[in-house]
Amino acid sequence: MEWEAGIQDDLSSESVAHVDTLLREISLMVRKKGKEALSDYGVTPPQFHALLALKDGALSMGELCESMYLAPSTITDLVDRMEATELVERIRDPLDRRVVRIRIRDKGRRLLEEVLARRHIYLSSVLVHLSSAERVQLVRSLEKLHEIMFSPDKDSKKE
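A short tour of the structure in this document, coming up. The structure displayed is predicted, hence computed values, not measured ones. (Residues numbered from 1 in each chain as written. Predicted model: local features only at pLDDT ≥ 70, side-chain atom pairs only at ≥ 80, totals over all residues. Heavy atoms only, no water.)

### Some points on the pairing of strand E3 (residues 100-104)
No. 1: As defined by bridge partners, strand E1 (residues 59-60) adjoins E3 across two bridges and the pair is classed as antiparallel. Counted as the bridge partner of leucine 59 is isoleucine 102 from E3.
No. 2: Pairing analysis gives five bridges linking strand E2 (residues 88-92) to E3, with the strands arranged antiparallel. Along E3, the bridge assignment pairs arginine 90 with isoleucine 102. (Pairing = 2+ DSSP bridges. Helix = DSSP H or I, 4+ residues; strand = E, 2+ residues; numbered from the N terminus.)

### Focus: the nonpolar core
No. 1: Judged by nonpolar contacts, the single largest core of 23 residues is most densely connected at Leu51, Leu64, Ile75 and Val88.
No. 2: If you list the elements that add at least two residues to this core, you get helix H2 (13-39), helix H3 (45-54), helix H4 (61-68), helix H5 (72-84), E3 and helix H6 (106-127).
No. 3: Dropping the residues within four chain positions of it, isoleucine 75 is found in contact with Met61, Leu64, Cys65, Met68 and Leu70. (Core = buried A, V, L, I, M, F, W, Y, C linked by side-chain atoms within 4.5 Å. Buried < 20%, exposed > 50% of the residue type's maximum accessible area, 1.4 Å probe, protein only. Contact = heavy atoms within 4.5 Å.)

### Here we look at the pattern of salt bridges
No. 1: Under the counting rule described, the total for this entry stands at nine salt bridges.
No. 2: Among the salt bridges present, the one from glutamate 83 reaches arginine 90, with a minimum N-O distance of 2.5 Å.
No. 3: The salt bridge partner of arginine 103 is glutamate 89, with a shortest N-O separation of 2.9 Å. Residue arginine 103 is located in strand E3, and its partner glutamate 89 is located in strand E2; the two are separated by 14 residues in the primary sequence.
No. 4: Among the residues examined, glutamate 89 registers a relative accessible area of 24% and is labelled partly exposed.
No. 5: It is possible to trace a salt-bridge network through shared partners that takes in Glu63, Asp93 and Arg101. (Salt bridge = Lys/Arg side-chain N within 4 Å of Asp/Glu carboxyl O.)

### Structural notes on H2
No. 1: With 27 residues, H2 extends 38 Å between its outermost C-alpha atoms, agreeing within 8% with the 39 Å of an ideal straight helix rising 1.5 Å per residue.
No. 2: Three or more residues of H2 are buried, namely Ser15, Val30, Gly34, Ala37 and Leu38. (Expected span 1.5 Å × (residues − 1).)

### Here's the deal with the packing of H4 against H5
No. 1: Interhelical geometry of H4 versus H5 gives an angle of 105° and a closest axis separation of 9 Å. Of the possible angle classes, the one that applies to H4 and H5 is roughly perpendicular. Residue-level contacts link Met61, Leu64, Cys65 and Met68 of H4 to Pro72, Ile75, Thr76, Leu78 and Val79 of H5. (Axes fitted to C-alpha atoms, helices over the stretch in contact; angles between N-to-C directions. Parallel < 35°, antiparallel > 145°, perpendicular 65-115°, else oblique.)

### Points about a nonpolar patch on the surface
No. 1: Taken together, the side chains of Val19, Leu23, Leu123, Leu127, Leu138, Leu142, Leu145, Met149 and Phe150 present a nonpolar region at the surface, about 750 Å² in accessible area.
No. 2: Elements with a minimum of two residues in the nonpolar patch: H2, H6 and helix H7 (132-150).
No. 3: Per-element tally for the nonpolar patch: the top contributor is H7, with five residues. (Patch = residues over 30% accessible without salt bridge, like charges linked within 9 Å, V, L, I, M, F, W, Y side chains within 5 Å. Areas by Shrake-Rupley, 256 points an atom, 1.4 Å probe, with all protein chains shown as cover.)

### Re the environment of glycine 34
No. 1: Tracing the backbone shows glycine 34 in helix H2.
No. 2: The buried category is assigned to glycine 34, whose relative accessible area is 4%.

Structural data, given as structure tokens:
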């Protein structure tokens, strides 16, 4: 295939475009399957992403804005809706009463676990078509890509 030479040699624009297309299409399909699961719970994708951001602990409104790349007014509306459905709650920071933190509630945690389980079942149904060696290589490659993209000094790394 034409893109293979570009990947192996000099990262031609065709090969990079091919990788971009594959990543976008795979991401789109995973999001589509996730959205199908969310519709059963009456939860929107942004609400789900907020639950993911909150799963490891309470965040301030500002921290939630940063983690979701959304404006404060958008986050306020999102949290209002999630609080009304008992997925999250607002709590005052005990160290600074001016700070409001958002914490996931039991209902939100259960919903998150159930939706993630359904997504994992879908991914398992796809990954079963790869050999064990292909799955190991896929995970290693994704971990390496993640490490490069999310490391603080990613722009200085050239391998």
